[in-house]
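Given next are the chains, with one letter for each unit.
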Amino acid sequence: MLLPLALPGVIGALRIGTGMSIVAVIVGEMIVSVYGIGNWISRHRTTFDTPDVYAGIVVVLIFALVINYAMVRLGRLATRHRGAT
């Protein structure tokens, strides 16, 4: 009985957690990885290749927006029994 009441909070926490995990992965790739979009951004940043840096940032932005949209849809699907939110 308590799970349906807690579901909006759980979905909200998942949205925040996914955003933070995307940031953590990109920063981790910038620091230690030899592959990945974080390394791409970091490598081109150090050579002052501004268009490629912005291209990497746009790729990360699009990925984050798609993930956020999916989480919003999941939240609406999971809480549709509560009526209009």
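For the structure itself, look to the data block above.
Definitions and cut-offs
- Residues numbered from 1 in each chain as written.
- Predicted model: local features only at pLDDT ≥ 70, side-chain atom pairs only at ≥ 80, totals over all residues.
- Heavy atoms only, no water.
- Patch = residues over 30% accessible without salt bridge, like charges linked within 9 Å, V, L, I, M, F, W, Y side chains within 5 Å.
- Areas by Shrake-Rupley, 256 points an atom, 1.4 Å probe, with all protein chains shown as cover.
- Salt bridge = Lys/Arg side-chain N within 4 Å of Asp/Glu carboxyl O.
- Helix = DSSP H or I, 4+ residues; strand = E, 2+ residues; numbered from the N terminus.
- Buried < 20%, exposed > 50% of the residue type's maximum accessible area, 1.4 Å probe, protein only.
- Contact = heavy atoms within 4.5 Å.
- Core = buried A, V, L, I, M, F, W, Y, C linked by side-chain atoms within 4.5 Å.

Chemist: In this structure, what is going on with a nonpolar patch on the surface? I would like to understand it.
Modeler: Nonpolar side chains collect at one region of the surface, where Val23, Val27, Met30, Ile31 and Val32 lie side by side and expose about 480 Å² of accessible area between them. Among the secondary structure elements, Ile31 is positioned in helix α1 (residues 2-32). The class for Ile31 is exposed, based on a relative accessible area of 65%.

Chemist: Looking at this structure, I do not really get helix α2 (residues 37-46). What am I missing?
Modeler: Note that an α-helix has 3.6 residues per turn; residues three or four places apart therefore point the same way. Buried within α2 we find Gly38, Asn39, Ile41, Ser42 and His44. Residues of α2 that are buried make contact with α1 and α3 (50-78).

Chemist: Would you mind going over the nonpolar core with me for this structure?
Modeler: As a rule of thumb, nonpolar side chains are buried together in soluble globular proteins. Ranked by size, the top nonpolar core spans 5 residues in total: Ile22, Ile26, Ile41, Val53 and Val60. The set of elements that each furnish at least two residues to this core consists of α1 and α3. Setting aside its immediate chain neighbours within four residues, Ile41 contacts Met30, Val53, Gly56, Ile57 and Val60.

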